[in-house]
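What follows is the residue order along each chain.
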Amino acid sequence: MSSYRKKVFSGIFVFSLAALVSAAITERLFDVPLAEVGHFWLKTSASAGRRFLADWYTPNPIIFVASFVACLAFVYAWHYVFVKPTNRVKLLTDLGYRVDDYSQPQHVNRKDAANMARKMKLIGDVPPVYPNGWYGVLESMYVKKAQAKYVTVIGQNLAVFRGEDGRAHIIDAYCAHLGANLAIGGRVKGDCLECPFHGWQYRGDDGKCTKIPYAQGKVPEMAKVKSWPVMELNGWIYLWFHAEGAEPYWTPPEIPEITSGQYTYRGRTEHTINAHIEDIPENGADLAHLDAVHSPIIPAGSDLKSMYNSIWSFAKHEWHATWGQYSEPDKHVGALELTHTMRLFGIRIPILDVKVVAKQIGPSIVYLEFNSVLGKGVFVQSLNPVEPLVQKMIHLCYFDWKIPTFVAKIFLIGEALQIDRDIMIWNNKRYEGRPVFVKSVEDSQVQKHRRWYSQFYSENSPRLKFQKDTLEF
């Protein structure tokens, strides 16, 4: 049963119980049968409703219309805050670039600043750009039964479609015949995707062409496209990528609270980031950056220059964290364990304490589990390279079904605003292949994370190459 239905049934039950109790009391006090009590209630309510509408409408039609519009606005606002899931999307040019930092800011807008930063930014000695592992290429809710979507990720052009049986498939987007894009105008037929150009049908499981409408004889063996290993769980359609073509040797785990319905979907955030993919998960082991970037309170904003303004010094976030990696057979998992506290005028506010376990699963997936007095839930994060140095980060928020949506939104927006701060760093930094470390627990954790993350690169992992002013991969 969905959380919405549970809430509706709970409301009906409470209302009915209240009505029965009130009716029973009326019967006991006045010795009136329940049937007559119910008739009296209905008659009285109808009469009061007619008088209310007459009084409301009669004086002035303008007042009536204005009141009606105000009611609609109130209902919409209530629905937006308390029911509708969040969908916060930030594009590459929306965050992380300061126009005022350029020599002639009067001639620069934010889009120009983003383009100049990308052009002038030193790339550094970067590792391979597409690590081996599972990638959440598309959220399950965006691919309906018998529907296809076009996706670009890890340097591939892909057609993601759901067969008529509900199973998800991923194949290369371009038809082996004359190169039409199967996802743009293609139709799903059973477990196949039909090319919109000439009607060739490709099976999702293995990419083989099973039908050519005008072919004389057998379908050629060469008539096929690449089919990718797929799994679907936790609200995501995942694709397995390995530079050597190896089959999956680990899988992301199921989150039982999502599967059982204990945690329900409350919204998503999306960020596009100008950085190497490894820069982003490395933050999980970079404990020193927590105080430097994330201690000012949320209202201080995401601008690293202005967020330390003294006006916000009355409160601060405090973080206590450790990072470590799992052993076999889960060596592909690393975990950040973190405790958050909030201090107001130096006094700890216990209700805002949050315990977090962020599990980095492979190169691109994170399960960020949190628990607090206000509720518990999980962010399911997927990090996808849409270009060698452009990443799309998406968080799906799942919260305990008993907790109101507006509480979940506070957690989701709070997490998103903290990421906004990181993006100002990521968008303007270079990957430092040979960093200068100092003797400290903090820097040793970053070194440890880099050694752990290197397991996702192999001999043929795609690397970034320079040729004049273009990037090739």
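Residues numbered from 1 in each chain as written. Predicted model: local features only at pLDDT ≥ 70, side-chain atom pairs only at ≥ 80, totals over all residues. Heavy atoms only, no water.

Undergrad: What am I meant to see in the pattern of salt bridges here?
TA: Pairing of side chains with opposite charge becomes possible as their charged atoms draw close. This model, assessed by the stated rule, comprises 19 salt bridges. Among the salt bridges present, the one from Asp206 reaches Arg203, with a minimum N-O distance of 2.7 Å. Take Arg203: its relative accessible area is 27%, and that puts it in the partly exposed class. Put simply, Arg450 and Glu282 hold a salt bridge, and the shortest N to O gap is 2.7 Å. Taken together, the residues span a long stretch of sequence, with Arg450 in helix α9 (residues 441–453) and Glu282 in helix α6 (residues 279–282) at a distance of 168 residues. On the basis of relative accessibility, which here comes to 16%, the residue Arg450 falls in the buried class. Here the residues in one salt-bridge network are Glu139, Arg268, Glu270 and Lys392, joined through shared partners. (Salt bridge = Lys/Arg side-chain N within 4 Å of Asp/Glu carboxyl O. Buried < 20%, exposed > 50% of the residue type's maximum accessible area, 1.4 Å probe, protein only. Helix = DSSP H or I, 4+ residues; strand = E, 2+ residues; numbered from the N terminus.)

Undergrad: When you look at the packing of aromatic side chains in this model, what are you seeing that I'm missing?
TA: Here a ring pair, both rings aromatic, is described through the centre-centre distance and the interplanar angle of the planes. Evaluation of the coordinates by the stated rule reveals 16 aromatic pairs. Aromatic side chains Trp236 and Tyr238 sit 6.5 Å apart centroid to centroid with 35° between the ring planes, which places their arrangement in the tilted category. Judged by relative accessible area, Trp236 falls into the buried class, the value being 1%. On the basis of relative accessibility, which here comes to 0%, the residue Tyr238 falls in the buried class. Connected via pairs of aromatic rings, a cluster forms that spans Trp323, Trp452, Tyr453, Phe456 and Tyr457. Positioned above the aromatic ring of Trp228 is the side chain of Lys226, whose terminal nitrogen or guanidinium carbon lies 4.5 Å from the ring centre. Across from the ring centre of Tyr80, 4.7 Å away, lies the NZ or CZ of Lys409, which sits over that ring. (Phe/Tyr/Trp six-rings, centres within 6.5 Å; stacked < 30°, edge-to-face > 60°. Lys NZ or Arg CZ within 6 Å of the ring centre and 35° of its normal.)

Undergrad: Mind showing me how you'd approach the side chain of Arg266 here?
TA: Relative to the helices and strands, Arg266 resides in strand β12 (residues 263–274). For the buried Arg266, no salt bridge exists, and the shortest N-O distance to an oppositely charged side chain is 6.2 Å, to Asp400. A polar contact of 3.4 Å, which involves the side chain of Arg266, links it to the backbone oxygen of Trp401. Setting aside residues no more than four positions away along its own chain, Arg266 makes contact with Pro85, Thr86, Cys397, Phe399, Asp400, Trp401, Ile403, Pro404, Thr405 and Ala408. (Lys, Arg positive; Asp, Glu negative; His and termini not counted. Polar contact = N/O pair within 3.5 Å; in protein donor to acceptor, adjacent residues only side chain to side chain. Contact = heavy atoms within 4.5 Å.)

Bear in mind that shape data such as this cannot, by itself, settle questions of function.
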